Amino acid sequence: MLVWKSVHAYLHIILVFQPVFEHVKLQDAHDAHDDLFHSSVVFLEDLDRAFLGNLVDSFNELLPLHRVYLAHSCKMLRRECRDAFVDEFITGIGKGISDREDTRIKDSDNVSPIGFLYHLPLACHHLLRLRQAHLLAALYMEDIHAFIDKVGFPVLVRPSYVLSGAAMNVCSNQEELERFLKLAANVSKKHPVVVSQFIEHAKEVEMDAVAQNGEIVAYAISEHIEYAGVHSGDATIQFPPQKLYVETVRRIKRISRQIAKELNISGPFNIQYLAKDNDIKVIECNLRASRSFPFVSKVLKINFIELATKVMLGLPVEKPNKNLFELDYVGIKASQFSFNRLQKADPVLGVDMASTGEVGCIGTDTSCAVLKAMLSVGYRIPEKSVLLSTGNAKQKADTLEAARMLQKKGYKLYATGGSSHFLTENGVENTRVYWPSEEGKPQALDMLHRKEIDMVVNIPKNLTAGELDNGYKIRRAAIDLNVPLITNARLASAFINAFCTMTINDIAIKSWAEYK
């Protein structure tokens, strides 16, 4: 039996006829690869390097970093390699395509299907006429300024050759642009920085699927609770989607079928989309299993990796007949963070991934699943009081109903200057508190230390140094004092709605098999 154990950021996969899932942490995957490769993997002697890289990459986003190491580590017996299915077991991506993926833009004239695969923006207009945000790969500041004059702020700045969104940032003004461009340039000095238009208040939607010869065999469409701008590894994902237009789902399915057919995909793949008012834009397409594969497999009760493995082995595969709209329950994937172990780190979420784990929970409805998931990753339901600092005008409006629910539930509300004024204008009783940089009583920081606040909702208006510094002491104190902290308006609203409409005692204790 040929056994191959592939390290993904959040799952182990054994490529036999009954694959299994096992959670691991991202840092563990990086730090423990020596032990894993020598103790858990059967390598085949004289295995071709291209075969090795292709075999693994469909399931592993970390492997390009270890490709050279692996090529020199395959010293085991090749007994099973004579089997026909092993000799033909070549799938995934090669080095050149990995290179195009990691550099974001390699050749603006490349409009081949392979170029299209890992850099959708380059070829989507030419091949499938798919829509995506405007972008520019630039080495010079004057080009970036000209691009921003055309599309306006905010923009997304990202370097080449990074994992997990490292050094990627959303810039809302010139100050942020200059600061984050320097960071991106330091990460990837020899390759262009990519600047793209950032679409505000857009939903991020994911399509996880398995295809065979370009035809989708099984798929799952999931929806981020947070608006686009939070890394998918940090985002709270709900499946099936609860607040997508039927037309949005229809268009995403159609585009996904086009991409799978054009690339003749056989195996797992993941596509991320932006959706706003039924206007669908492609973020990226990855020919590999994503971190949400085990989550949607558990919720849908269809093992996507098993299907993908059979496709890659050339075994017959039947299309599942289960429809995602037929589920009478909801799954929520929430992220686990370790900011309490990272001294002085600012616990603000963005396009740069920060989570160190995740939890998937199933509930009879969204509120039940959200409450289970949030409690599972360490949040607590506040007992008496909540501190609100709710960001810009749009974010204040988004959290207004949640504030009203808290007041109706009997919570004591504290709010910083702008949030307090907004709540008062809208008839929500609250007590104003002051930032550490302001004079006045009561001081929010002192109240945290006196344990007078049970939960903090602190949403930065933007990412300018001044705005981040102003709220940093409050956010950091909340983490250090083990006070639940939420820095995203939509996630805060979802959690508040959950614990205001039900209690822990209302959560039904069911096994996975009982959800049908």
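Scroll up a little and you will see the structure.
Residues numbered from 1 in each chain as written. Predicted model: local features only at pLDDT ≥ 70, side-chain atom pairs only at ≥ 80, totals over all residues. Heavy atoms only, no water.

The next thing to look at is the overall build of the protein. Helix and strand content of the protein: 19 helices and 18 strands. Here the protein, with 516 residues, has 56% of them falling under the buried criterion. (Helix = DSSP H or I, 4+ residues; strand = E, 2+ residues; numbered from the N terminus. Buried < 20%, exposed > 50% of the residue type's maximum accessible area, 1.4 Å probe, protein only.)

What follows covers the pattern of salt bridges. Taken as a whole and judged by the stated rule, the model has 13 salt bridges. Among the ionic pairs, Arg-404 bridges to Glu-401, the shortest N-O distance being 3.9 Å. Taken together, the residues Arg-404 and Glu-401, both in helix 15 (residues 393-408) and 3 residues apart, mark about one turn of the helix. Note on Arg-404: relative accessible area 34%, which makes it partly exposed. On the accessibility criterion, Glu-401 (48% relative accessible area) is partly exposed. (Salt bridge = Lys/Arg side-chain N within 4 Å of Asp/Glu carboxyl O.)

Moving on to helix 16 (residues 417-425). Note that an α-helix has 3.6 residues per turn; residues three or four places apart therefore point the same way. Taken residue by residue, helix 16 has Gly-417, Ser-419, Ser-420, Phe-422 and Leu-423 as its buried positions. Where helix 16 is buried, its residues meet strand 14 (385-389), helix 15, strand 15 (412-415) and strand 16 (431-432). (Contact = heavy atoms within 4.5 Å.)

For any two helices packed against each other, one specifies the inter-axial angle together with the distance between the axes. Viewed as axis vectors pointing N to C, helix 14 (residues 366-376) and helix 19 (residues 489-501) meet at an angle of 105°, and their least axial separation amounts to 9 Å. In terms of orientation, helix 14 lies roughly perpendicular with respect to helix 19. The segment helix 14 lies against helix 19, with Ser-367, Val-370, Leu-371 and Met-374 engaging Leu-491, Ala-494, Phe-495, Asn-497, Ala-498, Phe-499 and Thr-501. Looking at the contact of helix 14 with helix 19, its residues break down into 8 nonpolar, 3 polar and no charged. (Axes fitted to C-alpha atoms, helices over the stretch in contact; angles between N-to-C directions. Parallel < 35°, antiparallel > 145°, perpendicular 65-115°, else oblique. Nonpolar A, V, L, I, M, F, W, Y, C, P; charged D, E, K, R; others polar.)

By the definition in use, this model includes 6 aromatic pairs. Pairing Tyr-329 with Tyr-515 gives two aromatic rings, centres 5.6 Å apart and planes at 65°, and the pair type is edge-to-face. Pair noted here: Tyr-329 is in the loop between helix 13 (304-313) and strand 12 (330-336) and Tyr-515 is in the segment after helix 19, with a separation of 186 residues, a long-range link. With relative accessibility at 5%, the residue Tyr-515 sits in the buried group. Measuring from centroid to centroid gives 5.9 Å for Tyr-411 and Phe-499, while their planes differ by 70°, and the two rings are edge-to-face. Placement of Tyr-411 in the loop between helix 15 and strand 15 and of Phe-499 in helix 19 is noted, with a sequence separation of 88 residues between them. Judged by its relative accessible area of 11%, Tyr-411 is buried. Clustering of aromatic rings is evident, with ring pairs tying together Tyr-379, Tyr-411, Phe-495 and Phe-499. Over the face of the ring belonging to Trp-512 we find Lys-298, whose NZ or CZ atom lies 4.6 Å from the ring centre. Directly above the ring of Tyr-227 sits Arg-490, whose terminal nitrogen or CZ lies 4.2 Å from the centroid. (Phe/Tyr/Trp six-rings, centres within 6.5 Å; stacked < 30°, edge-to-face > 60°. Lys NZ or Arg CZ within 6 Å of the ring centre and 35° of its normal.)

Spatially, the 7 strands line up as an open sheet ordered 11-10-7-8-9-12-13, and their pairing is antiparallel. In this open sheet, the two strands that pair with only one neighbour each are strand 11 (279-286) and strand 13 (357-363). Here the strands of the sheet are splayed against their neighbours by 25° on average, with no regard to which way each runs. Set on the sheet, helix 12 (residues 293-300) makes contact with strand 7 (203-212), strand 8 (215-227), strand 9 (237-239), strand 10 (267-276), strand 12 and strand 13; between it and strand 9 the angle comes to about 30°. (Pairing = 2+ DSSP bridges.)

The next subject is the nonpolar core. A general feature of soluble globular proteins is that nonpolar side chains tend to end up buried together. Within the largest apolar cluster, 40 residues are counted, with the highest numbers of intra-cluster contacts made by Val-386, Leu-406, Leu-413, Phe-495 and Phe-499. Elements supplying a minimum of two residues to this core: strand 12, helix 14, strand 14, helix 15, strand 15, helix 16, strand 17 (455-458) and helix 19. The dominant element in this core, judged by the number of residues it contributes, is helix 19, at 9 residues. Residues in contact with Phe-495, not counting those within four places in the same chain, are Val-370, Leu-371, Met-374, Tyr-379, Arg-380, Met-455 and Ile-486. (Core = buried A, V, L, I, M, F, W, Y, C linked by side-chain atoms within 4.5 Å.)

Among the structural elements, Ile-453 can be located in the loop between helix 17 (444-449) and strand 17. A residue is classified by how much of its surface remains accessible, and Ile-453, at 3% relative accessible area, is buried. Distance from Ile-453 to Lys-384, taken between C-alpha atoms, is 7.7 Å for residues 69 residues apart in sequence. Filtering out sequence-adjacent residues up to four positions away, Ile-453 remains in contact with Ser-385, Leu-387, Tyr-414, Ala-444, Met-447, Leu-448 and Val-483.

Nothing here speaks to function; it is all geometry.
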